[in-house]
Amino acid sequence: MEEYDLRQFNEADIPQIVALLKEVGWNNKAHDRQVRMFLKTNPQCCIGAVTKSGTLVATTAGTISDDRKCGYLALVIVTAAHRRKGLCEVLIRKAHEILISQGTALIGLDASAMGFPIYKRIGYIDPNIVDSPYIAANFATAISHFTGSELDEANAIVLLAGPHERTAIACSDKIAFGADRSTLIKDNYIFPLGFFIPAATESGQCAEGLLCRQGALSLQIGPIFAHSEHSLRLLIAALCLAAPKSLMAGAEVVIPDTAASYSSNTFIDLGFEVKPGPSIRRMLFPVAPSGITTQPLPPFYCAVMGNDLG
C-alpha cells in the first residue's frame, strides 16, 4: 500500500468518481446525485485511495440507519489498472472501522461476481438474496393496461409532498426493512414524485405508498409498499398519470428475488418488460453475533426497498 494514500473524498472528487463509475459500467442514470447522497448522509465514510500524483483510483462509501442498526457500503470501485493490489479490502476494512465506531451491528453491500470472493474472504455472509434484472416500462404503454375505474381511483391518491406522508412511508420502510432509514429517505427524495394511500394509515395499518426519483435517463421507482395487488396497481397508475412529460420515456424498478414473485408479475402484467442486467447479491457482515436476525415480514403484497438506500 506504499504507493497509495487513503483520504475522505469530497465534492471536488465527483468528476473522478463519475469516471470510475462509467469505467466499470455501473448505474448510468445519475452518478453525481448518487455520490452527493453519500457525501451528505455520512461524509466520514466516503473514502478514496489516491496515487502519489493525486489521482483517485478506488473508492467506497457507507451509510448508516438513524437507529444505528444497519450500515451499508456502496461505490466499491477500483480502476482496472490498480486491481489485485489489495485496495478493495483495505478500503472496506477502513469503512468497517468507521461504521462500527458509529455503532452499527450489521453491514450490508451488493456484490458483483467480481467482488463476491473478496467479500467472502473479509467475512461477509451470503444470504442468497439476488437482485433481478431491471423491470422497465414506457408510461404511455403502461397506462393503457388500467381500467377506467382504476384511473379514477388513482386520481384521488395523495401526492407525497408533505412531512406527514413522508413520515408515514418512513414508518412502513422501518417495518419492512428492519431499520430506521428516515434520513436516507428524506435526503434522497428532497422533491419526491411519489404517492400515498391515506386509507391504510387511517385504518391502523402501516402506510402504502411509492417513492421515486429522477435519474438521467429514466425514473427510478422504489421504495414501494402495498398491502394488495389493487393498491400496487393504483400506485403505479397514479405515477403514470402524474409523471412529467420529460419522463414519459419510462421508469425502472428492481425487484429482488426475495420479494413475492407475484409482485413482479403485477409489473409485467402492466406492460413492464424485464431487461437483462448483472446479477447482484446482497451480502451481510455481522459486527456482532446478534447482528443478523430473522423476523417475519409484515403482510405486504409488495415491499421493494429502493436502490442505493442500503
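Residues numbered from 1 in each chain as written. Predicted model: local features only at pLDDT ≥ 70, side-chain atom pairs only at ≥ 80, totals over all residues. Heavy atoms only, no water.

Q: Honestly, the packing of aromatic side chains in this entry has me stumped. Any pointers?
A: Aromatic ring pairs are defined here through the distance separating the ring centres and the angle between the ring planes. Counted under the stated rule, the structure contains two aromatic pairs. Summarising the aromatic geometry, the rings of Tyr119 and Tyr124 are spaced 6.0 Å apart at their centres and angled 65 degrees between planes, so their arrangement reads as edge-to-face. Exposure class is identical for Tyr119 and Tyr124. Each is buried. Seen in terms of ring centroids, Tyr124 and Phe285 are 5.3 Å apart; in terms of plane orientation they differ by 50 degrees. Their pairing is tilted. With a gap of 161 residues between them, Tyr124 in the loop between helix H4 (116–122) and strand S6 (125–137) and Phe285 in strand S13 (residues 280–286) connect regions that are remote in the sequence. You'll find Tyr124 and Phe285 in the same group, each marked buried. Taken together, the aromatic side chains of Tyr119, Tyr124 and Phe285 make up a single cluster linked through ring pairs. (Phe/Tyr/Trp six-rings, centres within 6.5 Å; stacked < 30°, edge-to-face > 60°. Buried < 20%, exposed > 50% of the residue type's maximum accessible area, 1.4 Å probe, protein only. Helix = DSSP H or I, 4+ residues; strand = E, 2+ residues; numbered from the N terminus.)

Q: Would you mind going over the environment of Val78 with me for this structure?
A: Tracing the backbone through its elements, the reader meets Val78 in strand S4 (residues 71–78). Owing to a relative accessible area of 11%, Val78 belongs among the buried residues under this scheme. The sequence separation of Val78 and Leu21 amounts to 57 residues, and the corresponding C-alpha distance is 9.5 Å. Dropping the residues within four chain positions of it, Val78 is found in contact with Val57, Ala58, Arg83, Leu87 and Cys88. (Contact = heavy atoms within 4.5 Å.)

Q: Explain the state of the cysteines to me, please; I cannot follow it from the model alone.
A: Linking two cysteines covalently via their sulfur atoms produces the bond known as a disulfide. The tally for this structure, following the rule as stated, stands at zero disulfides. Unpaired in terms of disulfides, Cys45 finds its nearest cysteine sulfur in Cys46, a separation of 7.0 Å. Taking relative accessible area as the criterion, Cys45 reaches 0% and is therefore assigned buried. (Disulfide = S-S within 2.5 Å.)

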